[in-house]
Amino acid sequence: MAGSQSRRVIVASLIGTSLEWYDFFLYGSAAALVFDKLFFPTFEPLTATLLALLTYAVGFVARPLGGVVAGHFGDRVGRKNVLVATLLLMGISTFLIGLVPGYATIGVAAPLLLVALRFLQGLGLGGEWGGAVLMSIEHGDPRRRGFNASWPQVGVPLGNLLAAGALGVLSATLSEDAFLTWGWRIPFLLSGVLVVVGLWIRLRIVESPLFAEVEQTGRKARMPLLEVVRTHPRELASAFLARIGVDVAFYTFVTYSLSYVSTTLGLDRGVALNAVLIGSAVQLFLIPLFGALSDRVGRRPVYLAGAAATAIWVFAFFPLLDTGSFPVIALASIVALACHAAMYGPQAAFIAELFSTRLRYSGASMGYQLAGIVGGALAPIIALQLLETFGVTLAISLYVVAALALTAAGLLIAPETRDADLTDAGGTPTGAVPQQI
């Protein structure tokens, strides 16, 4: 029975996280394809595109706030309740985006509504990650926590593939006028159907047994976030640093590479996009594989190996893109995202295991989401500025390596968490001594 419930929780976490990332990536794709024309038609094309992409960035700003709010209530009222709320928030806001009239219909209210709904999307996604990961590791066999917690991570490449696939099919089958008029709305409206499926699955799972134990003993924190800052400063710093390099590498390989290949190299945007999608498909299999490997050899060895491999490959990545050959560019993306998977697979378990049960949602969410601003939100902008300033991609590679050094530091100031006893007051093994650097 326990095994069946554990599998149900993992499936629910994977489906829910995939739907949330589908919604999040769907907006980004639509912002690049249609939002400039529909919501900012009075501006010249470049300015309209920049404004559309700025509305996309609003989601990144909202994610830490979503993590803080969801973390507080997740540690107060339970993981399951908050996960249901984040799924509803994300699904409803995405569905409503599909209904927002264009600028030609309601004027300036159109982009304002778009920004407001994008902000709600960010809140939902910010609260989703911590809850999905915690439900996965707090159920089931403690010896498989790395593998179990890696499945919500699979939601990132899966959601990306679903969003790109949905828009790609509609773009290929509809005329440009039809796609711009109503076709782009279909994937957003489809989110309403998908969220019903995800909600049905999530309502069938039971609350985390570890949280239920905390609730029964009356040990819930009154102000979880403040207590995390006061009692887990090293763990919070470790979670924050451990994610920075992972995010910088990912958004350099995935987001900035699209701009570099299409703008700097002058190739068709589909070249880089297809290469990234192939790499994302490979990640579907590699992320749980590396999560399972961390159950055997430890979180830090796998994580550090991935960081080292990424630091080496980033120096080959841009020269391979410069060849202009699609097979070579695809190879560059596949290897880059394989190296990223070695970090991303054990990441969820490592960060969650740093914190005690009564503070785990707040601690894991805060460390993870705050790093997203420094890492993911800024990485493409910094990469673009570095190339403009120095004129060589070596500067970008060195930037990624510097971020990965911060990740290594975050891993080394924490103890190995694979054998952490999640039932005790702390999140780390008794007697474990952090390795100093």
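Higher on the page you've got the structure.
Predicted, not measured: the structure shown is a model, and the values here were computed from it.

**Brief notes about the overall build of the protein**
When helices and strands are counted, the protein shows 17 helices and zero strands. C-alpha atoms of the protein, sized along the principal axes, occupy 60 × 45 × 35 Å. Sorting the 437 residues of the protein into buried and exposed places 56% on the buried side. Within the protein, counting contacts between residues at least 6 apart in sequence, those at least 24 apart form 84% of the total.

**Some words on the environment of Ala 395**
On the secondary structure map, Ala 395 appears in helix H17 (residues 394-412). Overall, the relative accessible area of 15% leaves Ala 395 in the buried class. Apart from residues lying up to four places away in sequence, Ala 395 is in contact with Leu 386 and Phe 390.

**Quick word on the side chain of Ser 280**
Within the element layout of this structure, Ser 280 appears in helix H12 (residues 269-297). Among the residues examined, Ser 280 registers a relative accessible area of 3% and is labelled buried. Among all residues touching Ser 280, those that are not within four sequence positions of it are Pro 157, Asn 160, Leu 161 and Leu 337.

**As for the pattern of salt bridges**
Scanning the model with the defined rule gives eleven salt bridges in all. The closest approach of N and O atoms between Arg 358 and Glu 227, which form a salt bridge, is 2.2 Å. Taken together, the positions of Arg 358 in the loop between helix H14 (326-352) and helix H15 (360-377) and Glu 227 in helix H10 (residues 224-231) put the pair 131 residues apart, joining distant regions of the chain. A residue is classified by how much of its surface remains accessible, and Glu 227, at 16% relative accessible area, is buried. Measuring nitrogen to oxygen at the nearest pair gives 2.9 Å for the salt bridge that ties Asp 295 to Arg 299. Owing to a relative accessible area of 14%, Asp 295 belongs among the buried residues under this scheme. Given the relative accessible area of 0%, Arg 299 is considered buried. Among the charged side chains, a network of salt bridges with common partners joins Asp 75, Arg 79, Glu 138 and Arg 360.

**A closer look at the packing of H14 against H15**
Viewed as axis vectors pointing N to C, H14 and H15 meet at an angle of 135 degrees, and their least axial separation amounts to 9 Å. Taken together, the axis directions place H14 and H15 in an arrangement best described as oblique. Where H14 abuts H15, its residues Tyr 344, Gln 347, Ile 351 and Ala 352 lie against Arg 360, Ala 364 and Tyr 368. Looking at the contact of H14 with H15 residue by residue, the class counts come to five nonpolar, one polar and one charged.

**Let's talk about a nonpolar patch on the surface**
A cluster of nonpolar side chains, Leu 65, Val 69, Phe 73, Val 77, Phe 119 and Leu 120, forms an exposed patch at the surface whose accessible area comes to about 460 Å². When residues of the nonpolar patch are traced back to their parent elements, those giving at least two are helix H2 (45-76) and helix H5 (109-137). Of the residues forming the nonpolar patch, the biggest block, three residues, is contributed by H2. Mapped onto the elements of the fold, Val 69 is located in helix H2.

The rules behind these values
- Residues numbered from 1 in each chain as written.
- Predicted model: local features only at pLDDT ≥ 70, side-chain atom pairs only at ≥ 80, totals over all residues.
- Heavy atoms only, no water.
- Helix = DSSP H or I, 4+ residues; strand = E, 2+ residues; numbered from the N terminus.
- Buried < 20%, exposed > 50% of the residue type's maximum accessible area, 1.4 Å probe, protein only.
- Contact = heavy atoms within 4.5 Å.
- Salt bridge = Lys/Arg side-chain N within 4 Å of Asp/Glu carboxyl O.
- Axes fitted to C-alpha atoms, helices over the stretch in contact; angles between N-to-C directions.
- Parallel < 35°, antiparallel > 145°, perpendicular 65-115°, else oblique.
- Nonpolar A, V, L, I, M, F, W, Y, C, P; charged D, E, K, R; others polar.
- Patch = residues over 30% accessible without salt bridge, like charges linked within 9 Å, V, L, I, M, F, W, Y side chains within 5 Å.
- Areas by Shrake-Rupley, 256 points an atom, 1.4 Å probe, with all protein chains shown as cover.

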